[in-house]
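Topology and contacts: notes
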Amino acid sequence: MKNKKITRKITQGIYVLTTNGGGCIVDSVSQVSAGDNPFIAVAVMKNNYTNELMHKNNHFALSVFGMNSNPEIIKIFGMNSMRNINKFAKIKTKTIENQKIIEDTLGYMICEKIDTIENETHTLFIGQLIEGDVYKDEEAMSYNYYQEHKDELIKVKTAKGQVAWICKICGYIYYGDLPKNFKCPSCGVGTEMFEKQES
Ligand SMILES: Cc1cc2nc3c(=O)[nH]c(=O)nc-3n(C[C@H](O)[C@H](O)[C@H](O)COP(=O)(O)O)c2cc1C
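Since the model is a prediction, treat every value here as computed from it, not as a measurement.

The rules we used
Residues numbered from 1 in each chain as written. Predicted model: local features only at pLDDT ≥ 70, side-chain atom pairs only at ≥ 80, totals over all residues. Pairing = 2+ DSSP bridges. Helix = DSSP H or I, 4+ residues; strand = E, 2+ residues; numbered from the N terminus. Axes fitted to C-alpha atoms, helices over the stretch in contact; angles between N-to-C directions. Contact = placed C-beta atoms within 7 Å. Domains from an automatic or database assignment. Nonpolar A, V, L, I, M, F, W, Y, C, P; charged D, E, K, R; others polar. Near = placed C-beta within 6 Å.

**Some words on the sheet that holds strand 2 (residues 22-26)**
With antiparallel pairing, the 7 strands of this open sheet are ordered in space as 2-1-5-8-9-4-3. Each end of this open sheet is capped by a strand with a single partner; those strands are strand 2 and strand 3 (29-31). Between one strand and the next, the sheet's axes are offset by a mean angle of 30°, whatever the strand orientation. As defined by bridge partners, strand 1 (residues 15-19) adjoins strand 5 (residues 59-64) across 4 bridges and the pair is classed as antiparallel. Along strand 5, the bridge assignment pairs Tyr-15 with Val-64. Relative to the sheet, helix 1 (residues 49-56) contacts strand 1, strand 2, strand 4 (39-45), strand 5 and strand 9 (122-134), its axis offset from that of strand 2 by approximately 115°.

Pasting the structure below:
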């Protein structure tokens, strides 16, 4: 492939995908039909806990991340697993149609799951929009903007002399010297995809 970065020209946003029991940050969201209740597709990595939940549950929600939404939400939902922490402990939510919605976003879409497509790494979940609202008519954050500005958006604070390694794909943070054969526990890539940060 000459340059895979061309895929970044597909306009994608940043969303908090929630479903009963958990959720994670996703960018791979697309409206794939039209009408009052369009189909919405979202691709979720198979090793994410959210994938298990999405298989079990019949509904999911997408809260749309804005340019002024708190980047801490990306850190909590995108760089941690609900297997290890309660992502909802510090984040304000409201419950609509039995789904947890993230308050500090531009609005939400609630979908009823209607189909799934599996590939090696991801499951594509297709839902039908059953409810939605706009809280703030402001600009949504694009995935490309996030990639271009993630250093300042989610800057990792290290103590003097401490080293952190950040996964360039998903943002997972490893503190200390990276073991030789380390694989990102969040997205599976090797050490070559990690960037060093120290203060
Ligand atoms: C900007 C950004 C975009 C992401 N996009 C996706 C995505 O489209 N699909 C996905 O499965 N994970 C995506 N992730 C990774 C998950 O949010 C991350 O692996 C999360 O820790 C999974 O948590 P869980 O184990 O609780 O499901 C993204 C992370 C970030 C920071």
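**What about the domain arrangement of the protein chain?**
Structurally, the protein chain comprises domain 1 (4-144) and domain 2 (156-198). Summarising the inter-unit geometry, the C-alpha centres of domain 1 and domain 2 are found 25 Å apart. The partner domain 2 presents 6 residues to the 4 residues of domain 1 that form the contact. Taken together, the residues of the side of domain 1 that touches domain 2 sort by class into 2 nonpolar, 2 polar and no charged.

**Considering the site of the ligand**
Near the ligand lie 25 residues; those nearest to it are Cys-24, Asn-48, Thr-50, Gly-78 and Ser-81. Contributing elements (two or more residues each) for the shell around the ligand: strand 2, strand 4, helix 1 and helix 2 (72-78). For the shell around the ligand, the element with the most residues is strand 2, which contributes 4 residues. Partitioning the shell around the ligand into residue classes produces 14 nonpolar, 9 polar and 2 charged.

**Observations regarding the sheet that holds strand 11 (residues 173-175)**
Working definition: the strands of a sheet are paired by backbone hydrogen bonds and lie parallel or antiparallel to each other. Pairing within the open sheet is antiparallel, and its 3 strands lie in the order 11-10-12. Single-partner strands in this sheet number two, and they are strand 11 and strand 12 (194-198). Strand after strand, the sheet turns through a mean of 25° between neighbouring axes, direction not considered. Two elements, strand 10 (residues 163-167) and strand 12, share 5 bridges in a ladder whose sense is antiparallel. For Trp-165, the partnering residue across the bridge sits in strand 12 and is Lys-196.

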